[in-house]
Amino acid sequence: MNRKTITEKEMSEQLRRGTISLPPLRIRLLKNNIIPGLNQRFKAIIELSWHQNIVRCAVEYKSLYTPKAFRDGLNFLKLLMLPRGYEPLLFMPFLSEEHLLDLEREGISGIDLCGNCVVIVPGMLAIFRSGGENRFSTSAPIKNIYRKNSSMVGRVFLLKYRYDGVQEICAEVNRRNILINKWNKKPMSLATVSKSLKTLEQDLIIQRNKTIQLIQPDKLLEKLSRNYNSPTITGQVRIKISEGRAGIQKLLLNYSKELNIPIVATGLSSVDKFAVMKREELLSVYCPHMDTLLERIQGSISDRFPNLEIIETNDEPVYFDAWQEGDFRWASPIQVYLELMMGDRRDRETAEQMKSDILKNFSARQ
Amino acid sequence: MIIMPDLKTSLLDLLFELKDTDIKLIIGGGFGIFLKIEHVKQLRIRTLLQELPEARSTNDIDLFLRPELLIHSEKLKPMANAFKKLGYRVVAGAEKYQFIKSGEGDTQTSSVKIDILTGPQSYFHNTTVKVDKRRVRPHPSVGIHAHPVDEAVTLEEELLQKTLAGELTSGEKWQAEIFLPHPYTFLMMKLFAFRDRLNYADKEFSRYHALDIYAILATITEEEWRSAFKICKEYSDNRFIKEAGLIVSQYFSGIDRMGIIQLQESHYYRHDFQLNEFISALTELFR
């Protein structure tokens, strides 16, 4: 069954109908829809049994299975004062093995809708079931905010770690996106920024208090890297032109101004600006419209050792936070890091060096 | 089983013994290709193809001597002495141009073999050197001959100088200069070697040569690529150059040609090899 979302009501209904199967455990709903009161802040009471062993549990539901939802549920149950003879139990759509181990460590039971559970009742029951596949994984209610355009919301936190509000973040994202300023791309909306922030918060990467601030830059980088997809390329050409590297850069900058086309070096071609790595002889650049540029560039496209590669893409993140040095635009350090992480062993080693620099900058700013 | 570091040590031992002479050694064969791959990888030099093969195993070192050394044979005496000192013995049937040194257990697989080679027979016309298809015999004799390679017409063109560094058998660190043939020369030799081995029952050697041709072409640098055309133009009337063009056309000009098939049958072949680019570049060079 593939579901887009599941609500607490639907979860409660499954408990009522007894459709949750976690053999050898039997589950019976005793009381539901408990109105939170002074002594009964939990949402349901269920009975778990295995042969003659029967235990009653006070249940907290969470319809999301994000790290934040899990942490909130766990903290809630840890602090809950329960009547004698009741055990705390967390009920979520999916509990990963990591979550099950956390629950076990805390002595709190947990069940999910995917066949996983941990039940800990000292002297009576100890059950650990894992390996059940996440039936909700392909339809998580939150879209992947770590790739494509929405990744720019995460990226902006690595450039400035604290913001006063959503509007400031939105403005910063749009200010750093050169395709908005130079190529008439539509600015990112406040709604998209808010949605991304919600996921970042659920994933415990940012925290909202009076301000919105980044709390786990390493986790953010890891998420961006794991979810990074190369840009969608609509055209690509390699050319040998008679100029040397400096001449090519100057030429491209002139065309960029003259034709009003943004041109930015790829992450891999920008590496030597940030890390100790030999510069490639081939300069690769992103550009949103290749043909206009090609009409002006004189060179041979059949040469076996080209020195310029033009990659046509309209993917905004590759242009995001591109910075100008002298007369040329280079990729942002984060784009460099992400492209290096897609490369070979030596590239990934350099990426690690860049990661530590990015994190060092974050610590220094805190 | 000989591994590349053992060959490097053997070569360094020899270079150490030759340190006070002006003998410059040109390293060809599988070991020369290994050194070239190592060179471009270490320096991260851009090469014609990006997918380079792993170094194939070999227990031979092909040493090319510049014809000048064979013509003025007294210069070769230190080399003959070095072979003696290092415990090499001549190979029966190829006396004075193949030397072998047994390794542990005295088995053939743990031995290092050195083949002494030189350029074409034509280099020695009107000199005191006696030449036939098999041997170049310096006069006066110094105990070293060389096998002439007639297709190596461009042997002395645009050699690549490289520092070989490592440990001697004694454990002492040592480094010395060696030379690698220009890839065009390397390709010439390997194309002929491939054709010569093609009809042997044991296909292993022709597969090795096909793989070597891929490796040589793959590791061509931009400068070498451009100079290859200059060399090619300069020698365009040479019959071996023309013949090499026919070999390429017959065996390497398409995916269904025997050279390409044998390359794919090599143990070292990988599916990421850039066959189309390889065919296109080789045919462009030997058009």
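Residues numbered from 1 in each chain as written. Chains lettered and ligands numbered in written order. Predicted model: local features only at pLDDT ≥ 70, side-chain atom pairs only at ≥ 80, totals over all residues. Heavy atoms only, no water.

1. Focus: the overall build of chain A
Each helix and strand in chain A was counted, giving 13 helices and 16 strands. Within chain A, the proportion of its 366 residues that are buried is 51%. Taking as baseline every contact in chain A between residues at least 6 positions apart, the subset at least 24 positions apart corresponds to 64%. Roughly 18,000 Å² of accessible area belongs to chain A as shown, and the carbon and sulfur atoms make up 48% of that amount. (Helix = DSSP H or I, 4+ residues; strand = E, 2+ residues; numbered from the N terminus. Buried < 20%, exposed > 50% of the residue type's maximum accessible area, 1.4 Å probe, protein only. Contact = heavy atoms within 4.5 Å. Areas by Shrake-Rupley, 256 points an atom, 1.4 Å probe, with all protein chains shown as cover.)

2. What to know about the pairing of strand 7 (residues 125-129) of chain A
In this structure, strand 6 (residues 117-121) of chain A lies alongside strand 7 of chain A, joined through five bridges in antiparallel fashion. Its bridge partner being in strand 7 of chain A, A:Val119 is matched across the sheet by A:Ile127. (Pairing = 2+ DSSP bridges.)

3. Description of the confidence of the model for chain A
Residues and elements named next belong to chain A. In the predicted model, chain A carries a mean pLDDT of 88, and the fraction of residues at 70 or more is 94%. Across chain A, the element-wise mean pLDDT spans from 84 in helix 2 (residues 67-79) up to 97 in strand 12 (residues 264-265). For residues 138-142, every residue scores under 50 in pLDDT, and the model assigns this stretch 11 contacts once sequence neighbours within four places are set aside. (pLDDT = per-residue confidence, 0-100.)

4. Here we look at the nonpolar core
Residue and element names in this part refer to chain B. Counting 57 residues, the largest nonpolar core has Phe 252, Phe 278 and Phe 286 as the members making the most contacts within it. When residues of this core are traced back to their parent elements, those giving at least two are helix 2 (29-43), helix 5 (183-197), helix 6 (204-218), helix 7 (222-234), helix 8 (239-251), helix 9 (258-265) and helix 10 (275-285). Counting residues domain by domain, this core receives three or more from each of domain 1 (4-180) and domain 2 (183-285). (Core = buried A, V, L, I, M, F, W, Y, C linked by side-chain atoms within 4.5 Å. Domains from an automatic or database assignment.)

5. Thoughts on the packing of aromatic side chains
All names here are of chain B. The final tally for this structure, using the stated rule, is 20 aromatic pairs over all chains. Relative to Phe 278, the ring of Tyr 214 lies with its centre 5.2 Å away and its plane at 55°, an arrangement referred to as tilted. Highlighted residues: Tyr 214 in helix 6 and Phe 278 in helix 10, separated in sequence by 64 residues. In this structure, Tyr 214 and Phe 278 share a single accessibility class: buried. Taken together, the ring pairs in this structure connect Phe 194, Tyr 214, Tyr 251, Phe 252, Tyr 269, Phe 273 and Phe 278 into an aromatic cluster. The aromatic ring of Phe 179 is capped on one face by Arg 66, whose charged end is 5.4 Å from the ring centroid. For Arg 197, the ring lying beneath its charged end belongs to Phe 205, and the centroid distance is 4.3 Å. (Phe/Tyr/Trp six-rings, centres within 6.5 Å; stacked < 30°, edge-to-face > 60°. Lys NZ or Arg CZ within 6 Å of the ring centre and 35° of its normal.)

6. Re the environment of B:Met189
Take B:Met189: it is sitting in helix 5. Residues B:Met189 and B:Ala244, spaced 55 residues apart in sequence, show a C-alpha to C-alpha distance of 9.0 Å.

7. Re the sheet that holds strand 10 (residues 212-214) of chain A
All names here are of chain A. Reading across the sheet, the three strands line up as 8-10-9 and stay open at both edges, with antiparallel pairing between neighbours. On the outer flanks of this sheet lie strand 8 (162-163) and strand 9 (206-208), each paired with one strand and no other. In the sheet, strand 9 pairs with strand 10 via three bridges, with the strands oriented antiparallel. Note on strand 10: the bridge partner recorded for Ile 206 is Leu 214. Its contacts with the sheet place helix 7 (residues 190-202) against strand 9 and strand 10, and it is angled at close to 105° to strand 9. (Axes fitted to C-alpha atoms, helices over the stretch in contact; angles between N-to-C directions.)

8. Topic: helix 2 of chain A
Look at helix 2 of chain A: 18 Å from first C-alpha to last across 13 residues, which is about the 18 Å you get at 1.5 Å a residue. Against the buried residues of helix 2 of chain A lie strand 3 (53-61), strand 4 (86-92), helix 3 (97-106) and helix 7 of chain A. (Expected span 1.5 Å × (residues − 1).)

9. Comments concerning the pattern of salt bridges
Opposite charge on two side chains permits pairing when their charged atoms draw close. All names here are of chain B. Overall, the coordinates contain 46 salt bridges over all chains when judged by the stated rule. Among the ionic pairs, Arg 207 bridges to Glu 204, the shortest N-O distance being 3.3 Å. Of the two residues, Arg 207 and Glu 204 are both situated in helix 6; the distance of three residues between them amounts to about one turn of the helix. Grouping residues by exposure puts Arg 207 and Glu 204 together as buried. (Salt bridge = Lys/Arg side-chain N within 4 Å of Asp/Glu carboxyl O.)

10. Considering the packing of helix 8 (residues 217-227) of chain A against helix 12 (residues 333-341) of chain A
All names here are of chain A. Viewed as axis vectors pointing N to C, helix 8 and helix 12 meet at an angle of 55°, and their least axial separation amounts to 9 Å. Comparing their axes, helix 12 and helix 8 come out oblique. The two elements helix 8 and helix 12 meet at a crossing, and its hand is right-handed. Between helix 8 and helix 12, the residues in contact are Leu 221, Leu 224 and Ser 225 and Ile 334, Tyr 337, Leu 338 and Met 341, respectively. Partitioned by chemical class, the residues of the contact of helix 8 with helix 12 number six nonpolar, one polar and no charged. (Parallel < 35°, antiparallel > 145°, perpendicular 65-115°, else oblique. Left-handed = near helix turned anticlockwise from the far one by under 90°. Nonpolar A, V, L, I, M, F, W, Y, C, P; charged D, E, K, R; others polar.)

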